[in-house]
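# A closer look at the structure
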Number of protein chains: 4
Amino acid sequence: MEILAHHPAVELQFGTSNTYAGAAIPFTNLAYIPHEQADLTSVDAVFLALPHKASAPMAAKARALGKKVIDLSADLRLDTPEVYQKWYGNAHPNPELLPVPYGLPEFNRERLKGADLVAAPGCYPTTTLLGVAPVLRHDWLQPEAPIIVDAKSGVSGAGREPKPNLHFVEVYSNFYPYNPGRVHRHVGEIEQEMHKLNPNAGLLIFTPHLLPVDRGLMASIYVTLKSEYTATDAQALYEETYANEPLVKVLPAGQQATLKHVVRTNGAAISLTPVTDRYLHITSVTDNLRKGASGQAVQCFNLMLGLPETAGLL
Amino acid sequence: MEILAHHPAVELQFGTSNTYAGAAIPFTNLAYIPHEQADLTSVDAVFLALPHKASAPMAAKARALGKKVIDLSADLRLDTPEVYQKWYGNAHPNPELLPVPYGLPEFNRERLKGADLVAAPGCYPTTTLLGVAPVLRHDWLQPEAPIIVDAKSGVSGAGREPKPNLHFVEVYSNFYPYNPGRVHRHVGEIEQEMHKLNPNAGLLIFTPHLLPVDRGLMASIYVTLKSEYTATDAQALYEETYANEPLVKVLPAGQQATLKHVVRTNGAAISLTPVTDRYLHITSVTDNLRKGASGQAVQCFNLMLGLPETAGLL
Amino acid sequence: MEILAHHPAVELQFGTSNTYAGAAIPFTNLAYIPHEQADLTSVDAVFLALPHKASAPMAAKARALGKKVIDLSADLRLDTPEVYQKWYGNAHPNPELLPVPYGLPEFNRERLKGADLVAAPGCYPTTTLLGVAPVLRHDWLQPEAPIIVDAKSGVSGAGREPKPNLHFVEVYSNFYPYNPGRVHRHVGEIEQEMHKLNPNAGLLIFTPHLLPVDRGLMASIYVTLKSEYTATDAQALYEETYANEPLVKVLPAGQQATLKHVVRTNGAAISLTPVTDRYLHITSVTDNLRKGASGQAVQCFNLMLGLPETAGLL
Amino acid sequence: MEILAHHPAVELQFGTSNTYAGAAIPFTNLAYIPHEQADLTSVDAVFLALPHKASAPMAAKARALGKKVIDLSADLRLDTPEVYQKWYGNAHPNPELLPVPYGLPEFNRERLKGADLVAAPGCYPTTTLLGVAPVLRHDWLQPEAPIIVDAKSGVSGAGREPKPNLHFVEVYSNFYPYNPGRVHRHVGEIEQEMHKLNPNAGLLIFTPHLLPVDRGLMASIYVTLKSEYTATDAQALYEETYANEPLVKVLPAGQQATLKHVVRTNGAAISLTPVTDRYLHITSVTDNLRKGASGQAVQCFNLMLGLPETAGLL
């Protein structure tokens, strides 16, 4: 809402929330209305930030009315109902919608331009994929070596619902991994996209950790290069890949990406460390709620509507 | 449980929790059992850490079996059902139990020794009363001047239940007052005890704030002295009052009490600042969960059972 | 630098820092230069963020060259060299400059318009004065009652210099008062300005605390009203006073000001609690580095240069 | 000092600090004295917590007087002056002392018993080595695969000296890697000890991060097993290895180690995640100042003096 309220080409019509119905929507003169009262006919586009399972049916409904839809849930990110069922444990509510363009503009821009329906990725896949895409796409990685991602997420990445493990006292001063290895739901989504970038992408080892800060996500990525490439050359590869990307910054060699580079911005930052010739360490950071969620959704929206890609984002 | 598990005279028989039934009780070899399964006949004493309204009936039941009861809820802290109704909005579930000795050992020790039932106070009243009691009891304060308490509480003082306002992201980097002035439920309890110390105690102005730390509570107290007393003399008064108190430390003149003085200890610390001759500023600190709750409950238990007062607490 | 870099009417010529000389200035294409290399002739106005004692001579030098000067140090905030000496312990370096318009636009706007030299106040005086000014100016307060300010400051208010007490480990999880009562240097400055608003202003009791957050300052103010006024009426008085102020927001009755209302903004927020008819509790908040320092300095600059008052600030 | 003050077999004679000379030593009745005033003849053993380069000469002096010495600096941890020079950039001040028993009791207990001089390791090497030692010692790892350690350290691990990067405002809400890959000074020390456990140990990739908490260190370790071993079997290997270790706890399969398991204790906790048959993820945690420094130094001291190994530590 904060981003859209300041977006030069957007006029907000309504925001829905059953929990906060009647409460003022910050940065606007509107109040939240219950989901049922949303009049989809009154708008050109809808952003869906609903739980998975609830989101796809609403997307289908909005699409039936000819509206542009940016879906921030997990429902439309996996290309087939089978993979969806595997990771989310339930039958896909609207398999007829699949597959949907994946909303990572830096590697999917052409499919997003003018699209009617987009599945916007969240903070873990976005940050990981931006970090590893250049070496994958240019086939620099040894296919038999795993791609190790040690990720750390600020608590805003875990949603607003009050849960025992998100109570201030539980998180404060603590730090720990959860869903380590290959069991986090985003493993399927990240591997799907990695394989589009490179069909021989190695096995993903992905361990997220809960970081006791409100905002910011870091993916620490450890990869092994093919013998014909050298880790020090990755700096040039990344600088070239992202040279014209307005929302991704590759830091100069020797600097390290920090959360402060990106928190409260819509951008990502990446730093590279050649450990030896063949081992490369990549640090990729975003703000969970911006480039890792809403900011990127608006970036997709801009491409779908033919607006300047960074409208409302700089 | 942590304190009791290390207490030299205690053998834990059971711990109840409907939410965590079956889970291991830290520091023990026990697992939580549902409330209904608690066999009160198997114990000498029970600690009740239940919500108000649920606690008094359980206290009555345990008393009927002849058990010593330390109640940490609000149910038994107010002396009459009328005052209870005023602050908690419901009829008192067990008015026949009232009044009950108030579990602040430093000012109520004789009534606690050998008592069968004690109402243990929480962090706000304990910290405030320890801070203001010496000048009240010795009648140093101008009765027509208000007693101003600007209090700051770490989040553990707000309980473990997940609530939107206790979500990590809501508390982190924030700070704010709540229930300011004279509307917080503890105002009634604090004034009741202040009037026992001095029937002419001034009006209490009490504003709690939520502090973005896990543990520690500070009461910043501003009082006005009668003209026959001088603020610089308060130092000696407090040192004398607490000279033999094992769990209350008066800091030397010129030092200020900090949360680090008391966090993870069962003690309180107090510092005094003579602002002018007649205005005195008092800072009183405790750990919400220790001297501000469980530690003090065990101190009461020790007095009730005739054990050394600080058994298990140093 | 961040504010000025985005200011529509400002072109940054240089920034000085002996410690960081050569380092890039964030948000600009400039690098810091040593103080000695600053070419004052190249600019229209200078912002001085130097330690006290070093700042006044630089202000004098810039004034001699006819430049507009906004001084953020303490050197020019006290009206006479005597009072300065009392609070800062050294002879005033440039007594010929005194007195200087005090940079609190909400209560000094006319003197700031077109001024050549302004003393911009810091976070404690700004937040306190905005909170207490309406009742002082309209003479609502009992002159014999003290004005009690229990203030809490995020660590950015303490400056960037590394000191043992600002080490992360010392501040984290801790909270404590410092310079309590009437010894903090800002007591003199706040009382000076309170007396301009009302010559009969009561005694200031001012106790700052260090809050374990990076940004945000709260002044919790406790005042006693004359019998002809009623605390509930203060709401209307404050709303009226600040009705046309673009950077001060009075919250609706019943809401409480929080740090989140102001952090990373150039504004202040104020909430009012009528405790009884005669006792009023006021909560005033700012961001230490914005309305509490740089944002306000730019607001003054705008007035001095005849620019729109909020240019670069909204 | 806190540990020693409560140690049943220790009588503290003095503590030195040039910075804090004259200040009270917490938990004792002593005050710090300047280094020069330390009377080594009055004691049986000395703990040295000095900067590298300053520590070895003091160790030599104490040894010449026949005193037991536990050195917490880096001076005596590397076995040869050449390796020391490589990592610390200066000639070793006392090469005649090398090599010295390495103070990691779990894997070096026999050499520590009765030893006169011990080099106690710090938090990064201790936590990493405890995490990786079982698979190294039993030769489970593919020698050609790197051992990847993504480490996160609370700020107390960085020392007490005030530095710009340890200022509260710099650390708060931030998170970042530093000295990534193979350039951190502890890489040499960790590899040295890994090679003692297994001469074929793979290349160490070690990236530390600064975690915005005061205490706690986590080493997240990613290793590749030889084909004859299976990651799920590692659980039994670790449980067996540490079965009789009083200060190392292997968590049950499926649980993850968190900072809260170890903060303010003298122990370590380890959890294991079999990612696939051949990839194993190990999480090892300690408190920087306890098992990661002082607690372990006291554990060594106990072994050197023939005391019960955990005296003063449980």
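For the structure itself, consult the block above.
Here the residue index of a chain counts from 1 through its sequence in written order. Chains and ligands are labelled sequentially in the order written, the chains with letters from A and the ligands with numbers from 1. Residues qualify for local features only when their pLDDT is at least 70, as the model is predicted, and side-chain atom pairs are given and counted only at 80 or more; totals for whole chains, interfaces and linings, by contrast, use all residues. Hydrogens and waters are ignored; side-chain quantities use all the structure's heavy atoms.

### Remarks on the overall build of chain A
Secondary structure summary: chain A contains 9 helices and 10 strands in total. Structurally, chain A occupies a C-alpha span of about 60 × 45 × 40 Å along its principal axes. Buried residues in chain A amount to 61% of all 314 residues. By definition in these notes, contact holds between two residues if any of their heavy atoms fall within 4.5 Å. A sequence separation of at least 24 residues applies to 64% of the contacts in chain A between residues at least 6 apart. The protein chains shown are the only cover counted for residues, whose accessible areas, like all others here, come from Shrake-Rupley with a 1.4 Å probe. Carbon and sulfur atoms make up 52% of the accessible area of chain A, which amounts to about 11900 Å² in all. The way it works is that DSSP assigns letters per residue, a run of H or I at least four long becomes a helix, a run of E at least two long becomes a strand, and they are numbered from the N terminus. The cut-offs for exposure are 20% and 50% of the maximum accessible area for each residue type, with area from a 1.4 Å probe on protein chains only; residues under the lower value are buried, those over the upper are exposed, and the others partly exposed.

### With respect to the relation of the copies chain A and chain D
Least squares is the method for superposing the copies, and the C-alpha atoms it fits come from residues with pLDDT of at least 70 in both. Overlaying chain A on chain D yields an RMSD of 0.0 Å, the required transformation being a rotation through 180° with an accompanying axial translation of 0.0 Å. Taken together, these values place the two copies in the relation of a two-fold axis. A symmetric contact is evident, with 100% of the interface residues of chain A recurring at the interface of chain D.

### Overview of the packing of aromatic side chains
Residue and element names in this part refer to chain B. Think of it this way: a Phe, Tyr or Trp ring, Trp meaning its six-membered ring, pairs with another when their centres are within 6.5 Å, and the plane angle makes it stacked under 30 degrees, edge-to-face over 60, tilted otherwise. Enumeration according to the criterion identifies 32 aromatic pairs over all chains in this entry. Relative to Y229, the ring of W140 has its centre 4.5 Å away and its plane inclined at 10°; by these criteria the two rings are stacked. Placement of the pair is W140 in the loop between α5 (123-137) and β4 (147-153) and Y229 in the loop between β7 (217-224) and α8 (234-241), with a sequence separation of 89 residues. Among the residues examined, Y229 registers a relative accessible area of 26% and is labelled partly exposed.

### Comments concerning the interface of chain A and chain D
Across the boundary between the two partners, chain A contributes 40 residues, which contact 40 residues of chain D. Summed over both partners, the accessible area (1.4 Å probe) lost when two parts come together is defined as the buried area. Of all residues in chain A, A:F175, A:Y222 and A:K260 bury the most surface against chain D, accounting for 19% of the area lost on that side. Salt bridge, as applied in this entry: a Lys or Arg side-chain nitrogen positioned within 4 Å of an Asp or Glu carboxyl oxygen. One salt bridge in this structure joins A:K152 and D:D150, with 2.9 Å as the shortest N-O distance. Definition of a polar contact: a pair of N or O atoms within 3.5 Å, with one able to donate and the other able to accept a hydrogen when the atoms are protein atoms, and with sequence-neighbouring residues admitted only if both atoms are side-chain atoms. Our enumeration of links across chain A and chain D arrives at 14 residue pairs in polar contact (both at pLDDT 80 or more).

### Some points on the sheet that holds strand β1 (residues 45-48) of chain B
All names here are of chain B. Two strands pair if DSSP finds at least two bridges between them. Strand order in the open sheet made by the 3 strands is β1-β2-β3, with parallel pairing throughout. Of all strands in the sheet, those bounded by a partner on one side alone are β1 and β3 (117-119). Taken pair by pair, the neighbouring strands of this sheet meet at an average axis angle of 10°, ignoring direction. In this sheet, β3 lies alongside strand β2 (residues 68-71) in parallel orientation, the contact comprising 3 bridges. Bridge assignment links I70 to a residue of β3, and that residue is V118. Axis lines are fitted to C-alpha atoms, over the contacting stretch for helices. Their N-to-C directions set the angle, which ranges from 0 to 180 degrees. Those strands touched by helix α9 (residues 290-305) are β1, β2 and β3, and its axis lies near 160° from that of β2.

### Examining the nonpolar core
In globular proteins that are soluble, nonpolar side chains generally tend to be buried together. The nonpolar core is taken to be a set of buried Ala, Val, Leu, Ile, Met, Phe, Trp, Tyr and Cys residues, with the residues joined through side-chain atoms within 4.5 Å. Grouped together as the largest cluster of nonpolar side chains are 75 residues, with contacts concentrated most on A:L259, B:L259 and D:L259. Sorting the residues of this core by element identifies α6 (168-171) of chain A, α6 (168-171) of chain B, α6 (168-171) of chain C together with α6 (168-171) of chain D as the ones contributing at least two each. Other than its neighbours up to four places away in sequence, D:L259 contacts A:S173, A:N174, A:F175, D:L211, D:V213, D:R215, D:G216, D:L217, D:M218 and D:V285.

### Examining the sheet that holds strand β9 (residues 268-274) of chain A
Residues and elements named next belong to chain A. Overall, mixed pairing links the 7 strands, which are arranged β5-β6-β4-β7-β10-β9-β8 in an open sheet. Each edge of the open sheet carries a strand with a single partner, namely β5 (176-177) and β8 (248-250). One ladder, built from 8 bridges, connects strand β7 (residues 217-224) with strand β10 (residues 279-286); its direction is antiparallel. Following the sheet pairing, I221 is matched in β10 by I282. Along the sheet, helix α7 (residues 186-197) contacts β4 (147-153) and β6 (204-210); its crossing angle with β6, the most-contacted strand, is approximately 135°.

### Describing helix α3 (residues 81-88) of chain C
All names here are of chain C. Of all the positions in α3, only Y84, W87 and Y88 are classed as buried. Viewed along the axis of α3, the buried residues span an arc of 80°, placing them on a single side of the element. Facing away from the buried surface of α3 by more than 90 degrees, the exposed residues are E82 and K86. Among the structural elements, α7 (186-197) are those in contact with the buried residues of α3. Throughout, the arc means that of the directions going from the helix axis to the C-beta atoms.

### Digging into helix α7 (residues 186-197) of chain D
Residues and elements named next belong to chain D. With 12 residues, α7 extends 17 Å between its outermost C-alpha atoms, agreeing within 8% with the 16 Å of an ideal straight helix rising 1.5 Å per residue. For α7, the full list of buried residues reads H186, V187, G188, E189, I190, E191, Q192, E193, M194 and L197. Against α3 (81-88), α4 (105-112), α5 (123-137), β4 (147-153) and β6 (204-210) lie the buried residues of α7. Each residue after the first adds 1.5 Å to the expected span of a helix.

### Topic: the pairing of strand β2 (residues 68-71) of chain A
Residue and element names in this part refer to chain A. Burial along β2 is two-sided: the residues K68 and I70 and V69 and D71 are all buried. Pairing geometry for strand β1 (residues 45-48) and β2, over 4 bridges, is parallel. Directly across from V46, in β2, lies its bridge partner V69. Assignment of crossover handedness uses the view with strands pointing away from the viewer, where a clockwise path from the first strand over the helix to the second indicates a right-handed crossover. Crossover handedness for the path β1 to helix α2 (residues 55-64) to β2: right-handed.

### Comments concerning the side chain of C:T127
All names here are of chain C. Structurally, T127 is set in helix α5 (residues 123-137). Within the local environment of T127, its side chain forms a polar contact with the side chain of T286, the two groups lying 2.9 Å apart. Those residues in contact with T127 that lie beyond four places of it in its chain are L217, A219, S284, V285 and T286.

### Thoughts on the environment of C:A9
Topologically, C:A9 is positioned in the loop between α1 (2-5) and β1 (45-48). Note: C-alpha distance between C:A9 and C:V248 (239 residues apart in sequence) is 23 Å.

### Some details on the side chain of C:E191
Residue and element names in this part refer to chain C. Along the chain, E191 falls in helix α7. Owing to a relative accessible area of 13%, E191 belongs among the buried residues under this scheme. At a separation of 3.0 Å, a polar atom in the side chain of E191 contacts the main-chain amide nitrogen of L204. Leave out the neighbours within four places in its chain, and E191 touches R182, L203 and L204.

### Things to note about the pattern of salt bridges
Scanning the entire structure with this criterion turns up 68 salt bridges over all chains. Here D:E2 and D:R290 are joined by a salt bridge, their closest N and O atoms 3.9 Å apart. On the criterion of sequence distance, the pair formed by D:E2 in helix α1 (residues 2-5) and D:R290 in helix α9 (residues 290-305) is long-range, its members being 288 residues apart. Judged by relative accessible area, D:E2 falls into the partly exposed class, the value being 35%. Of the charged contacts, one joins D:E106 and D:K291 as a salt bridge, the two residues approaching to 2.8 Å between their closest N and O atoms. Remark: D:K291 occurs in helix α9 and D:E106 occurs in helix α4; sequence separation between them is 185 residues. In this structure, D:E106 and D:K291 share a single accessibility class: buried. One connected set of salt bridges, linked through shared partners, spans A:D150, A:K152, D:D150 and D:K152.

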